[in-house]
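# Survey of secondary and tertiary structure
The lines below spell out each chain.
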Amino acid sequence: MEISNPENHSGNWQELRQILREKQFGKLFAGATENTLIQFFRYCFVGGAATVIDWGVSALLFFLVFHQSYAVLANGISFVAGLLANYFLSTFWVFRSSKVQSRLVEFLAFAAIGVVGLLLTLGITKLSEISLGNITSGYQMIGKIVSTMIAFLWNFFARKYLLFSKKES
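Residues numbered from 1 in each chain as written. Predicted model: local features only at pLDDT ≥ 70, side-chain atom pairs only at ≥ 80, totals over all residues. Heavy atoms only, no water.

### Some thoughts on the overall build of the protein chain
Along its length, the protein chain carries six helices and zero strands. Reading the protein chain from its N terminus to its C terminus gives the helix and strand order α-α-α-α-α-α. When the backbone C-alpha atoms are referred to their principal axes, the protein chain occupies close to 55 × 40 × 30 Å. Buried positions account for 33% of the 169 residues belonging to the protein chain. Sequence-distant contacts in the protein chain: of pairs separated by 6 or more residues, those separated by 24 or more amount to 62%. Carbon and sulfur atoms make up 70% of the accessible area of the protein chain, which amounts to about 10300 Å² in all. Seen as two clouds, the 14 positive and the 9 negative side-chain charges of the protein chain have centres 3 Å apart. (Helix = DSSP H or I, 4+ residues; strand = E, 2+ residues; numbered from the N terminus. Buried < 20%, exposed > 50% of the residue type's maximum accessible area, 1.4 Å probe, protein only. Contact = heavy atoms within 4.5 Å. Areas by Shrake-Rupley, 256 points an atom, 1.4 Å probe, with all protein chains shown as cover. Lys, Arg positive; Asp, Glu negative; His and termini not counted. Charge placed at Lys NZ, Arg CZ, Asp CG, Glu CD.)

### Looking at the layout of surface pockets
The space that makes up the largest pocket amounts to roughly 1100 Å³. Every residue lining the largest pocket is counted, 29 residues in all, and those nearest its centre are Asp54, Trp55, Phe79, Leu118 and Lys144. For the lining of the largest pocket, the secondary-structure elements that each account for two or more residues are α3 (36-65), α4 (71-94), α5 (103-132) and α6 (139-163). By residue class, the composition of the lining of the largest pocket is eleven nonpolar, 15 polar and three charged. (1 Å grid on protein atoms, 1.4 Å probe; cavity = no way out; pocket = protein on both sides within 12 Å on 5 of 7 lines; lining within 4 Å. Points joined across faces, edges and corners; volume = space filled by probe spheres on them. Nonpolar A, V, L, I, M, F, W, Y, C, P; charged D, E, K, R; others polar.)

### Some thoughts on the packing of aromatic side chains
On inspection of all chains with the given rule, the structure shows 19 aromatic pairs. Taking the centre distance of 5.3 Å and the plane angle of 75° together, the rings of Phe41 and Phe45 count as edge-to-face. Of this pair, Phe41 and Phe45 are both found in helix α3, four residues apart, which corresponds to roughly one turn of the helix. Relative to Phe164, the ring of Phe110 has its centre 6.3 Å away and its plane inclined at 70°; by these criteria the two rings are edge-to-face. Placement of Phe110 in helix α5 and of Phe164 in the segment after α6 is noted, with a sequence separation of 54 residues between them. Since its relative accessible area comes to 0%, Phe110 is described here as buried. According to the relative accessible area criterion, Phe164 is buried, its value standing at 2%. Chaining the aromatic ring pairs together yields one cluster made of Phe40, Tyr43, Tyr87, Phe88, Phe95, Phe107, Phe110, Phe152, Phe156, Phe157, Tyr161 and Phe164. It is Arg159 that lies over the ring of Phe110; its NZ or CZ is 3.6 Å from the centre. The lysine or arginine in question, Lys160, covers the ring of Tyr161, its NZ or CZ lying 5.8 Å from the ring centre. (Phe/Tyr/Trp six-rings, centres within 6.5 Å; stacked < 30°, edge-to-face > 60°. Lys NZ or Arg CZ within 6 Å of the ring centre and 35° of its normal.)

### Description of the nonpolar core
Listed in full, the twelve residues of the largest apolar core are Tyr43, Val46, Leu83, Tyr87, Trp93, Val94, Phe95, Phe110, Ala111, Phe156, Leu163 and Phe164. Contributing elements (two or more residues each) for this core: α3, α4, α5 and α6. Looking at which element gives the most residues to this core, the answer is α4, with four residues. Dropping the residues within four chain positions of it, Leu83 is found in contact with Phe107, Phe110, Ala111 and Arg159. (Core = buried A, V, L, I, M, F, W, Y, C linked by side-chain atoms within 4.5 Å.)

### A look at the pattern of salt bridges
On inspection of all chains with the given rule, the structure shows two salt bridges. A salt bridge links Glu106 to Arg103, with the nearest nitrogen and oxygen atoms 2.7 Å apart. Of this pair, Glu106 and Arg103 are both found in helix α5, three residues apart, which corresponds to roughly one turn of the helix. Here Glu129 ties to Lys126 by a salt bridge, and the two come within 3.3 Å at their closest N and O atoms. With Glu129 and Lys126 both in helix α5 and three residues apart, this pair spans about one turn of that helix. What makes Lys126 partly exposed here is its relative accessible area of 45%. (Salt bridge = Lys/Arg side-chain N within 4 Å of Asp/Glu carboxyl O.)

Laid out in structure tokens, this is it:
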């Protein structure tokens, strides 16, 4: 089943309802799709995997390689590892059609969107510290939760619409 206009939001919902009604759950996980809802569903797994890689590499480097030193370097390297995992999983499983011909330019644009997400995270974390630091010691976790949600949404929608929407004919 193909929905002719991938930006047709009611068509996205209609296709998803049909998949669920007919219990064709495999379509949520396999096959190329331009359905934004299915792509978002898949991107949740991709983002989760990239986060596990980012945090795991950070911990591995910080505790085992750098012997509890060089936290910024460990986090910088782990950010790149998570970004690479996100890129390869996203281009293999979530987004199939790119607006960009060159894989290098595509990756650089993908990375730039990720860096904006990182800057959003840092800004929201700092804003949380400024606004809640005198009220609660939990400001860091509040900032982390809010910034993670916002950066996740930014990363998905920016990549979907700026980089991976179907090419105009």
